[in-house]
Amino acid sequence: MTSDSHSAPEASVPPDGDPQASAGPDAVAAPAPVEPAAPPARTAPPVGPPAVLGTPLSPTATKVMVLGAGELGKEVIIAFQRLGVEVIAVDRYADAPGHQVAHHAEVIDMTDADAVLGLIERHQPHYVVPEIEAIATQALVQVEERGLAEVIPTARAVVATMNREGIRRLADEELGLPTSPYLFASSLEELEAAVQEIGFPCVVKPVMSSSGKGQTVLRAPADIGVAWDTATTGARVQGERVIVEGFIEFDYEITLLTVRAVDPATGRLASYFCAPIGHQQVSGDYVESWQPHEMSTDALGAATSIAARIATALGDGRLGGRGIFGVELFVKGDDVYFSEVSPRPHDTGLVTLATQRLSEFEMHARAILGLPVDVTLASPGASAVIYGQLDEPAIGFTDVARALAVPETDIRLFGKPQSFHRRRMGVVTATADDVDTARRRAVQAASMVTPVPGRPFERAVPAPIVGQSTPAVRPPAPPQPPARPAGPSGPGGPAGPPPRNGPVPPPGARPGPLPPRGPMPPRGVPGRPAGPPPRQVPPPAAGRPASPPPPRQSNPSRATVD
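Reading guide: rules and limits
Throughout, residues of each chain are indexed from 1 in the direction in which the sequence is written. At least 70 in pLDDT is required for a residue's local features to be given in this predicted model, at least 80 for side-chain atom pairs to be given and counted, and no such filter applies to totals for whole chains, interfaces and linings, which use all residues. To obtain the side-chain values, all non-hydrogen atoms of the structure were used and water was disregarded. Note: two strands are recorded as paired if DSSP finds a minimum of 2 bridges between them. Runs of E in the DSSP output that reach at least two residues are strands. Runs of H or I that reach at least four are helices, and both are numbered from the N terminus. In this analysis, axes come from line fits to C-alpha atoms, helices being fitted only over the stretch in contact, and the angle between any two N-to-C directions falls in the range 0 to 180 degrees. Contacts were defined at the residue level, with two residues in contact if any of their heavy atoms lie within 4.5 Å. Each angle gets one of four labels, with under 35 degrees taken as roughly parallel, over 145 as roughly antiparallel, 65 to 115 as roughly perpendicular, and the rest as oblique. All amino acids are sorted into three groups, where Ala, Val, Leu, Ile, Met, Phe, Trp, Tyr, Cys and Pro are nonpolar, Asp, Glu, Lys and Arg are charged, and the leftover types, Gly among them, are polar. The cut-offs for exposure are 20% and 50% of the maximum accessible area for each residue type, with area from a 1.4 Å probe on protein chains only; residues under the lower value are buried, those over the upper are exposed, and the others partly exposed. Think of pLDDT as the predictor's per-residue confidence, scored from 0 to 100. Summarising the geometry, the arc corresponds to the directions from the helix axis toward the C-beta atoms.

Pairing in this open sheet of 4 strands is antiparallel, and the strands run E6-E9-E7-E8 from one edge to the other. The sheet is open, and its two borders are formed by strand E6 (182-185) and strand E8 (216-218), each paired with just one other strand. Between one strand axis and the next, the sheet turns through 25 degrees on average, direction left out of account. Inspection of the sheet shows strand E7 (residues 202-206) paired to E8 by 3 bridges, in the antiparallel sense. Pairing of Cys202 across the sheet is with Leu218, part of E8. Running over the sheet, helix H6 (residues 188-198) touches E6, E7, E8 and strand E9 (242-246) and is turned about 15 degrees from E9. Along the sheet, helix H7 (residues 223-233) contacts E6, E7, E8 and E9; its crossing angle with E8, the most-contacted strand, is approximately 165 degrees.

Take the packing of helix H4 (residues 155-162) against helix H5 (residues 164-174) next. Put simply, H4 and H5 touch, their axes get as near as 4 Å, and they point 105 degrees apart. Classified by the angle their axes make, H4 and H5 are roughly perpendicular. Of H5, the residues touching H4 (which contributes Arg156, Ala160, Thr161 and Met162) are Arg164, Gly166, Ile167 and Leu170. Its residues assigned to classes, the contact of H4 with H5 comprises 4 nonpolar, 2 polar and 2 charged.

With that settled, consider helix H1 (residues 71-81). Most of H1 sits inside the fold, with 9 of its 11 residues counted as buried. Within H1, the full set of buried residues consists of Glu71, Leu72, Gly73, Lys74, Glu75, Val76, Ile77, Ala79 and Phe80.

Bringing the confidence of the model for the protein chain into the picture now. Of the residues in the protein chain, 73% reach a pLDDT of 70 or more, and the chain-wide mean stands at 81. Taken together, the stretch residues 1-42 has pLDDT below 50 and engages in 25 contacts with residues farther than four places along the chain or on a different chain. Per-residue pLDDT stays below 50 along residues 470-559; that stretch engages in 131 contacts with residues further than four places along the chain or on separate chains.

Buried residues of H6: Leu191, Ala194 and Val195, and no others. Summarising the axial view, the buried residues of H6 lie within an arc of 100 degrees, below the 170-degree limit, and thus occupy one face. Opposite the packed face of H6, turned more than 90 degrees from it, sit the exposed residues Glu189, Gln196 and Glu197. In the core, the buried residues of H6 are packed alongside E6, E7, E8, H7 and E9.

Structure below.
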């Protein structure tokens, strides 16, 4: 693979500083020792998208290394491959979902900085795309400093968002975004003092973690010791520093997917917003999401303003900082509070595989490569998680056909080689004319899929799915004469109802029962209908970004150009 920059050869100068050009015309230079030519050093390549998309597995390939090959990384890899990009998938265990679809698969301890640097030096990717949090972030800083590759969105963004202390101080102290009250603690004694100052209820989280790992809600002094133990042992990266956050009695929580991409009209980065995503979490893990989530016009305007400011701040002021950001926000009435941000596709955004013209994964790949994005919402929809429920390798799944017979559903089985009871092993997405119906469909279909111990391949004889029917596809029928009036008529007897479009049951058959309803979301979870599409918010003054585009419109909403 050729490097991004080449140094022009320079004239040879002796160590003493007396160039040969100063010698007399008859002077004969001593032969210089011949040394093997070293490959040209990569020195801080210009940040930005490729001028040409090359051919995978060739010297002209555009190469991307994805650090984290789980279900989200797998979808990112597929999006890159559809654009002709060569992909190296990296994870901590073999046969991860992304390994199964990438050009190259690597297994390393991604918290080992030397291992990360060694792999990048060997493969020489043009872009390094972190897809999980548990990475040696300082190695990514070295990658940028040495010009080995462009880190997406930037090494600074990856470091800041992995460290809750860094991102909270950026949001509050530098950007002035509204947040919950917070304090930090590095010992059990400091935690007790911080909790006393913040008050109950409050939330304790490890500073070096994400996705709910190691967090606890405290409601009484007796919870403090348990919270300390949970935070210091359950984080993605072990440590003894925690953040204590005041508990906001919010009405709902949303993820606002924010894309920093090149605006084709200006050649500069702009912020684009997807319709808000509502979600339900259990112990910090997402179990359901839906899009769009109904918001007031004022709340939506505030949310887009916060999201644009935090995503822009994580860039470099130029073309660095491209990609998608999952901005998590608390909403109470028209007030919006910043919670967290992930500089990568968000797990609640799996719903976009069904709801948007371009999924969050496709938009991430496009933004990185400098291609136009489109945040059009195609349909209201929802997603529901399929858990492993078994602690063993290579499990199987039954009743998939029954689940997919629920109208407008789709399924992703991730292919993880090891199952655990609470491990996310798949997801169902569903669409409908409204969010409530889509949620019912997704939950119902997900509840039908049954994990089973793995067994050798065998063929099945398809059986009718009780209560489900698919209309037959038939050529247009020829014009029929007008229907005869009801009543006795000729030898044929009375005229019956017009013929049915679907399959006709045999004589005497009785309609089957409706499919069983799956478990409904727990009580208290927002389940309001989608309602009318959110209205466009007029562009606020002082560069405040515009709101997401209304659903089913084809033009993306460009917020601000920086």
